[in-house]
Amino acid sequence: MTSTKVYIPRDSAALAVGADEVAATFAAEAKSRGLDIQIIRNSSRGMFWLETLVEVQTSKGRVAYGPVESTDVAGLLDAGCLTGAKHALGHGLTDEIPYLAKQERLTFSRMGITDPVSLADYEAHGGWAGLKNALKLDGAGIVNEVLDSGLRGRGGAAFPAGIKWRTVMQAQSAQKYVVCNADEGDSGTFSDRMTMEGDPYMLIEGMTIAGIAVGATEGYIYIRSEYPHAITTMNQAIENANTAGFLGDSICGTSHKFHLQVRKAAGAYVCGEETAMLESIEGKRGVVRAKPPLPAIEGLFGQPTVINNVITLASIPIILAKGGAFYKNYGVGRSQGTLPFQLAGNIKHGGLVEKAFGLTLRELLYDFGGGSRSGRPIKAVQVGGPLGAYVPESQWDIPLDYEAYAAVGAVVGHGGIVVHDDSANMAKLARYAMEFCALESCGKCTPCRIGSTRGVEVIDRITKSVNKEQNVHLLRDLCSTMVNGSLCAMGGMTPFPVLSALNHYPEDFGVEKDQKATA
Amino acid sequence: MNEKIQQIISKHRSVKGALLPLLHAIQDEIGYIPPNSVDDIAKNLNLSRAEVHGVITYYHFFRQEAPGKNVVQVCKAEACQACGAEELMNFAENILGCKEHETTANGQVTLEPVYCLGMCASSPAIQVGEQIHARMNTDKLKKVLEKIGGTK
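Residues numbered from 1 in each chain as written. Chains lettered and ligands numbered in written order. Predicted model: local features only at pLDDT ≥ 70, side-chain atom pairs only at ≥ 80, totals over all residues.

Just to check I follow, could you spell out the overall build of chain A for this structure?
In terms of helices and strands, chain A carries 21 helices and 16 strands. For 519 residues, the compact-globule estimate of 2.2 N^0.38 gives 24 Å, and the C-alpha radius of gyration of chain A, at 24 Å, lies within 12% of that figure. When the 519 residues of chain A are sorted by exposure, 59% land in the buried category. Within chain A, counting contacts between residues at least 6 apart in sequence, those at least 24 apart form 72% of the total. (Helix = DSSP H or I, 4+ residues; strand = E, 2+ residues; numbered from the N terminus. Rg over C-alpha atoms; globule rule 2.2 N^0.38 Å. Buried ≥ 20, exposed ≤ 12 C-beta atoms within 10 Å, placed from the backbone. Contact = placed C-beta atoms within 7 Å.)

So this is what it looks like as structure tokens:
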């Protein structure tokens, strides 16, 4: 008789609520009861309110229990969880949990299913199919597939990935690079972290395909220092992929070379901006570069460089495996494919929801998220990270699509969604946005460096009712200078949360609604 | 010059863009970047001391003096704010008797703010060393801090 497989995640969001203790208790309890179990440390399904989510393999499929604490383990075994028996923490078959069943998981298809560093698991679940197809094509063939897919940069700026790749492919240089931006510093986002901790070979495969397409033989993954588990897992996966011949001097036995290494960041938020990141990898202060030259022409160490975010590169394997046309079938308008939305903050069912573009925030907040965690009414939702606008309820039915959001002065960005209930003070959050910008500004351009500090002061004067009308006017003026005069999105988009808070929640600033304001 | 630092410098000096990996290696080894190592690092990487100092002081992660025995980071970013991060930080400051960026009188805990640990769906979160704790509240935080001997 074979042992019963028990899946206990190793994602750091599971470890942060005691998954290691749960696994140790499962092993000890099973041993003392003479039960034959095999514990597999899988990635997370992305239903974080259920972590630690324990799954048991049964003849009908995996049965889920959660959130499990180590003190629940004995009771679960008593109830017969190893045969999928009912329990107060039971959720039936994992695949039938509505939160998962309603998703369209293309990029995250393996998430929660496989052991992240097992090459055998990766291969058995469709891994390397994209790379194998890519090896049959020339660079232009790969780039065309990416162009056909409609894939746009998932890091926030939404620039068409294929056009960037084509520029690097056509650039003439002895050395080119592929750099993965894994400096996921935005609050409300964790899809990059999940990918690196949960399906690292997918990112390796995407980067290798990028290298082959543009003729780059070296790649860097710039990972934030706040993600120690992601760094460890990526390093282990790179080592395994090198040994197995998926990286190195002869990829899958061909003449293609690609070497990959991890660079650990050091806690500067602005290094998520692509040119600051390049400076940092080069060993300098992460100060933003003026563009042009574009990094695609003069990037890392002055050479042509493809820079994409984790999810962009992680979307490449399925595009090459199933074709650009397959991927393009998802989504709406010019927002094609899927986006892993991340439900965070004050939300009952926080987690990862991969869906095609075009659904609404309301669907995400209530059909998936189940409303606020506190049970109080949801007041404001920040979409797209700390530089994204606060979206009020009147806009929750707009489809999540880059252009539709831009039309109301908001951004879809990387799909991070932070929920605040009615206890939030929007003037305080606006002040925080300016404060954070002052703390993290690289200092190169004046609107960002000085404007953010002045912004904090002006908001303080408004909330203390000092020359209110004049200071509101001054704040708008300052925001306009920052939007139009900053070198990068740090200073250029900090006004988004500030102005959206002021326009949609003026009462929190103690001012009248401005009828002319649009965003 | 510290021999360990010397070894780390020789190991990294030929790496492309060596400065950050080198500084990480030194901090991993001894907990901070000793100011008297700047000269040696600069010479070996063919940089000016100002460039090395500039990098050390630019990045929040690098320290120039030894931290307390445990570094406790409390996330202050938006997703944690939405679930009580401010209360958590105030509580930590009170119970530890020190402010952000400071170390407790007994040298057990250095308290730092952090802006996102990627636990945004299980907020608020803190990190002690490399151990993250999510879905925190003041009771749980008190237990964690007591365990590492940081409370007043």
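What should I look at first to understand the sheet that holds strand β13 (residues 351-356) of chain A in this one?
Residue and element names in this part refer to chain A. Taken together, the five strands give an open sheet; going across it, the order is β13-β12-β16-β14-β15, and neighbouring strands pair in mixed fashion. The open sheet terminates on both sides in strands that have one partner only, identified here as β13 and β15 (390-391). With four bridges connecting them, strand β12 (residues 338-345) and strand β16 (residues 416-421) associate as parallel partners. For Gly 345, the partnering residue across the bridge sits in β16 and is Val 419. (Pairing = 2+ DSSP bridges.)

I keep staring at the pairing of β16 of chain A and nothing clicks. Help me out?
Each regular strand shows side chains that alternate between the opposite faces of the sheet. All names here are of chain A. β16 sits mainly inside the fold: six of its six residues count as buried. In β16, alternate side chains face the same way, and those of Gly 416, Val 418 and His 420 on one face and Ile 417, Val 419 and Asp 421 on the other are all buried. Here five bridges tie strand β14 (residues 378-383) to β16, and the two strands are oriented antiparallel to one another. Across the sheet, the residue bridging to Gln 382 is Val 418, located in β16.

Looking at this structure, I do not really get helix α19 (residues 468-485) of chain A. What am I missing?
In an α-helix there are 3.6 residues to a turn, and that puts residues three or four apart on one side. Residues and elements named next belong to chain A. Here α19 is 18 residues long and its end C-alpha atoms lie 25 Å apart, about the 26 Å a rise of 1.5 Å per residue gives. Inspection of α19 places Asn 471, Val 472, Leu 475, Leu 478, Cys 479 and Met 482 among the buried residues, and these make up the whole buried set. The arc that holds every buried residue of α19, seen down its axis, measures 125 degrees, which confines them to one face. Of the exposed residues in α19, the ones pointing more than 90 degrees away from its buried face are Glu 469, Gln 470, His 473, Asp 477 and Asn 484. Of the surrounding secondary structure, the elements contacted by the buried residues of α19 are α18 (446-463), α20 (489-493) and α21 (495-504). (Expected span 1.5 Å × (residues − 1). Arc of directions from axis to C-beta.)

Would you mind going over the domain arrangement of chain A with me for this structure?
Interface size, as often reported, equals the accessible area lost upon joining of the parts. For chain A, the assigned domains read domain 1 (4-101), domain 2 (119-328), domain 3 (331-421) and domain 4 (426-509). Centre-to-centre separation of domain 1 of chain A and domain 4 of chain A, based on C-alpha positions: 47 Å. (Domains from an automatic or database assignment.)

Mind showing me how you'd approach the interface of chain A and chain B here?
Chain A puts 47 residues into the contact, and the matching count from chain B is 34 residues. Looking at the side of chain A that touches chain B, the elements that each hand over two or more residues are α1 (12-15), β8 (259-264), α12 (274-281), β12 and β16 of chain A. The greatest single-element share of the side of chain A that touches chain B, amounting to four residues, is contributed by β12 of chain A. Split into classes, the residues belonging to the side of chain A that touches chain B amount to 19 nonpolar, 17 polar and 11 charged. (Nonpolar A, V, L, I, M, F, W, Y, C, P; charged D, E, K, R; others polar.)

Explain the pairing of strand β4 (residues 61-65) of chain A here, please?
Residues and elements named next belong to chain A. Counting buried residues in β4 gives four out of five residues, a clear majority hidden from the surface. Looking at chain direction, strand β3 (residues 54-58) and β4 are connected through five bridges and run antiparallel. Each residue of the ladder has a partner; that of Thr 58, found in β4, is Gly 61. If you look at the hairpin formed by β3 and β4, you'll find two residues sitting between the two strands.

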